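Summary of the model geometry
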Amino acid sequence: MKKQKDWLFLLPAILVVAVMTQIPFILTIIYSTLKWNLSRPDLGITFNGLKNYLYYLKIDDFQNIPEFYSIFWQTIVLTVSTLIICSVVGFLFSILLDHAVPGINIARTLIMGPFFVMSTASGVIWKTTILNTTFGWYGVIFKSLGLKPIDLLSYRPLAVIILLFSWQWIPFFVLIILAGLQGIPQDVEDSVKVDGANWFRKTFEIKLPMISEHMMVAVMLGLIFIVKEIGLILVTTAGGPGTRSYNLPYAVYMEIFNGSQVGRAGALATMTVIITLISVNILYRIIRKRKAMYE
Amino acid sequence: MSNMTLEQKHRLKRKIKTAMLTIVIFGIAIFYFSPILYMFLSAFKTEHQAVMPMLFFQPTLETIKLVLSDRNMFGYLKNSLFQVFFTTLVCLLLAIPASFALVFGKFRKKTTGESAYLWFITTILLPPVAVIIPLYTWYQKFNLIKSPLGLLIAYIGFHVPIVVWMLHSFFKDVPVSIIEASELDGCSRFRQLVSIALPLVRTGVISAGLLVAIFVWNEFFLAFNLTGNDTATLSVYMARFREQQGMFVAQLSASSMVAVLPAVILGWITQKSLVKGLTLGSVKG
């Protein structure tokens with residue numbers, strides 16, 4: 001009797017998730033094979049085969065490589081640099097915050113702050129009160145030093161976005177890595193002390209391997225969340241100048257809301273999902289391999 | 001100095017080291033937090049005071065009052081609260097029984113629980129761009145952007161997998177023997193869940209709920225695309241400040257403060273359970 005009823009617990013959740021995520025995703029894949037222009041209903045919707053994909057991928061001559069490739073490259077640069085910065089700085093911050101100095105909880109709380117701030121708010125705050133060349137701290141400090149502040153948002157858009165992404169996600173890495181550090185048993189610390197290992201060895205050769213699992217989890221979750229972030233890009237550089245600070249999700253957004261090309265946007269979205277899943281998969285395999293090595 | 005014992009010298013050295021470390025840690029922490037800190041400060045400035053960067057000024061509540069008396073702002077705040085409250089509630093109602101069944105349920109095929117769990121995990125990986133095109137066209141067609149329910153169901157669909165993922169590892173910590181014993185006593189599945197398992201995974205439920213609340217409060221992409229003027233949330237509202245090149249800094253800061261403070265406070269209060277939920281969910285599972 002009971003055996004039949006257990007799936008009833010599962011069904012509502014599966015239904016809601018399927019209707020809101022799986023079915024629309026399948027539709028996206030179907031749309032990606034259609035020629036469908038929202039702003040020209042008179043043209044109707046026709047089957048277009050793989051032409052939408054070829055529009056992005058086909059290289060006719062090497063003087064004129066489709067924009068897709070540069071956007072793809074930017075996405076990699078954005079994500080990988082952010083993840084590296086987050087891991088390194090996150091680890092160093094965690095080592096620092098692992099000390100029992102007076103008021104350490106306040107310090108931890110302050111470092112945690114940026115993670116809980118909505119990306120659109122942190123974007124506009126950085127843009128207006130810090131990065132602005134006339135009214136922001138950056139501009140004012142540079143001018144008082146006799147330097148000419150360049151407009152970072154137009155000249156170094158990717159670097160700015162990497163900086164802001166990192167500022168937001170380092171706390172998340174600290175959250176997880178610090179939990180790992182605090183889980184290191186006291187007798188390990190004690191035996192290190194007896195061995196007389198110096199700080200550098202203690203930190204990088206003993207503690208780092210012990211929290212590698214936490215680090216990997218942080219990188220994995222970070223990848224999943226960072227790769228889909230567009231709010232920050234929209235409010236800071238709006239993808240510009242040109243498409244220099246687009247990432248793939250932002251390109252999808254622009255294609256549908258400015259281009260009204262449902263089919264093309266569908267193709268781009270499908271490719272974005274495939275690329276995301278492949279990179280998560282690769283990372284997961286690396287983690288599993290490393291884990292097997294340690295065990 | 002000279003008649004200090006070695007013991008005292010040692011202790012002094014350690015004290016100095018701790019003091020230095022404290023200064024370094026707090027220096028970094030305050031610097032790291034300073035953009036938010038400066039935003040909070042600027043919220044207490046007048047527009048005139050906020051034009052150029054400065055730290056010392058006569059604080060005033062004028063701008064905050066102005067922002068809070070804005071009917072639009074109030075509407076966005078209400079919309080955000082609505083989405084956070086109902087998404088969290090419904091997500092928990094759907095995900096608690098689901099993750100309980102994933103761990104303890106018996107299905108015709110033994111692997112059903114495992115594969116359903118993996119399916120939930122993979123949907124976490126799905127970026128919102130994968131679904132936004134059909135959702136956007138449906139929402140336009142059926143006028144769902146005019147109703148807060150439209151965004152709500154999208155949020156529920158996207159956050160249930162996260163709750164399932166977190167709760168799954170908490171339920172796994174519940175000893176199977178307790179559940180089996182209660183089964184022999186003739187306890188129904190529902191009773192097992194409500195009166196035996198649920199109290200044991202309370203921390204998990206709380207931290208999953210909080211994580212969803214913070215995510216939804218801050219979510220931008222879906223809210224931006226699936227809402228109209230009357231249904232937009234605070235994160236969409238904040239994005240509207242992007243065009244103002246250094247203008248209305250005080251107003252921007254005061255609005256940001258309203259938009260940011262709830263999530264930051266919630267996050268701070270719940271750090272410990274968040275850590276527990278995330279690490280248990282990820283390192284173990």
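Residues numbered from 1 in each chain as written. Chains lettered and ligands numbered in written order. Predicted model: local features only at pLDDT ≥ 70, side-chain atom pairs only at ≥ 80, totals over all residues. Heavy atoms only, no water.

1. Some remarks on the overall build of chain B
Along the backbone of chain B there are 13 helices and 0 strands. The C-alpha atoms of chain B give 25 Å as radius of gyration, which overshoots the globular expectation for 285 residues (19 Å, by more than 25%). Overall, the C-alpha framework of chain B stretches about 75 × 70 × 30 Å when taken along its three principal axes. Across chain B, contacts joining residues at least 24 apart in sequence account for 73% of those joining residues at least 6 apart. For chain B, the accessible area works out to roughly 14000 Å², and carbon and sulfur atoms hold 67% of it. (Helix = DSSP H or I, 4+ residues; strand = E, 2+ residues; numbered from the N terminus. Rg over C-alpha atoms; globule rule 2.2 N^0.38 Å. Contact = heavy atoms within 4.5 Å. Areas by Shrake-Rupley, 256 points an atom, 1.4 Å probe, with all protein chains shown as cover.)

2. Overview of the domain arrangement of chain B
Residue and element names in this part refer to chain B. When cut into domains, chain B gives domain 1 (6–62) and domain 2 (71–284). Distance from the C-alpha centre of domain 1 to the C-alpha centre of domain 2: 34 Å. Counting from both sides, the interface comprises 10 residues of domain 1 and, opposite them, 11 residues of domain 2. In this assembly, domain 1 packs against domain 2 so that about 880 Å² is buried in total across both faces, 78% of it on carbon and sulfur atoms. (Domains from an automatic or database assignment. Buried area = accessible area lost by both parts, 1.4 Å probe.)

3. Looking at unusual backbone geometry
Even without being a glycine, Ala238(A) presents a positive backbone phi close to 55°. With respect to the helices, strands and loops of the structure, Ala238(A) is situated in the loop between helix 12 (231–236) and helix 13 (248–257). Accessibility expressed as a relative area gives 38% for Ala238(A), which makes it partly exposed. Positive phi outside glycine occurs at Asn143(B), with the angle close to 60°. Taking the relative accessible area as the measure of exposure, Asn143(B) reaches 42% and is therefore partly exposed. (Buried < 20%, exposed > 50% of the residue type's maximum accessible area, 1.4 Å probe, protein only.)

4. Observations concerning the interface of chain A and chain B
Listed as interface residues are 91 residues of chain A and, on the opposing side, 94 residues of chain B. Around 8300 Å² of area is buried between chain A and chain B when both sides are counted, 81% of it from carbon and sulfur atoms. Considering only the surface of chain A that becomes buried against chain B, Phe9(A), Phe116(A) and Met118(A) emerge as the three largest contributors, covering 10% of it. If you look at where chain A meets chain B, you find 0 salt bridges. At the boundary of chain A with chain B, the tally comes to 9 residue pairs in polar contact (both at pLDDT 80 or more). When grouped by side-chain class, the residues that make up the side of chain A that touches chain B number 65 nonpolar, 20 polar and 6 charged. (Salt bridge = Lys/Arg side-chain N within 4 Å of Asp/Glu carboxyl O. Polar contact = N/O pair within 3.5 Å; in protein donor to acceptor, adjacent residues only side chain to side chain. Nonpolar A, V, L, I, M, F, W, Y, C, P; charged D, E, K, R; others polar.)

5. Details of the environment of Ile106(A)
Residue and element names in this part refer to chain A. Considering the arrangement of structural elements, one finds isoleucine 106 in helix 4 (residues 104–112). Judged by its relative accessible area of 51%, isoleucine 106 is exposed. Taking C-alpha positions, isoleucine 106 is 24 Å from isoleucine 130, a pair spaced 24 residues apart along the chain.

6. Description of the packing of helix 8 (residues 157–182) of chain A against helix 11 (residues 212–226) of chain A
Residues and elements named next belong to chain A. For the pair helix 8 and helix 11, the least separation of the axes is 9 Å and the interaxial angle reads 150°. Here helix 11 runs roughly antiparallel to helix 8, going by the angle between their axes. Pair helix 8 / helix 11 crosses with right-handed handedness. On helix 11, the residues that touch Phe165, Trp169, Phe172, Phe173, Ile176, Ile177, Ala179 and Gly180 of helix 8 are His214, Met215, Val217, Ala218, Val219, Leu221, Gly222, Phe225 and Ile226. (Axes fitted to C-alpha atoms, helices over the stretch in contact; angles between N-to-C directions. Parallel < 35°, antiparallel > 145°, perpendicular 65-115°, else oblique. Left-handed = near helix turned anticlockwise from the far one by under 90°.)

7. Structural notes on the pattern of salt bridges
Residues and elements named next belong to chain B. All told, the structure shown has 2 salt bridges over all chains when counted by the stated rule. The shortest N-O distance in the salt bridge between arginine 11 and glutamate 7 comes to 3.4 Å. With arginine 11 and glutamate 7 both in helix 1 (residues 6–42) and 4 residues apart, this pair spans about one turn of that helix. You can call glutamate 7 exposed: its relative accessible area is 52%.

8. Some points on the nonpolar core
Ranked by internal contacts, the top residues of the largest apolar core, which has 189 residues, are Ile133(B), Val160(B), Phe171(B), Leu234(B) and Met238(B). Among the elements that take part in this core, helix 8 of chain A stands out by supplying 16 residues, more than any other. For this core, the two domains that each supply at least three residues are domain 1 (6–62) and domain 2 (71–284) of chain B. The contacts of Leu234(B), once residues within four sequence positions are left out, are Met118(A), Met73(B), Tyr76(B), Leu77(B), Ser80(B), Trp217(B) and Ala259(B). (Core = buried A, V, L, I, M, F, W, Y, C linked by side-chain atoms within 4.5 Å.)

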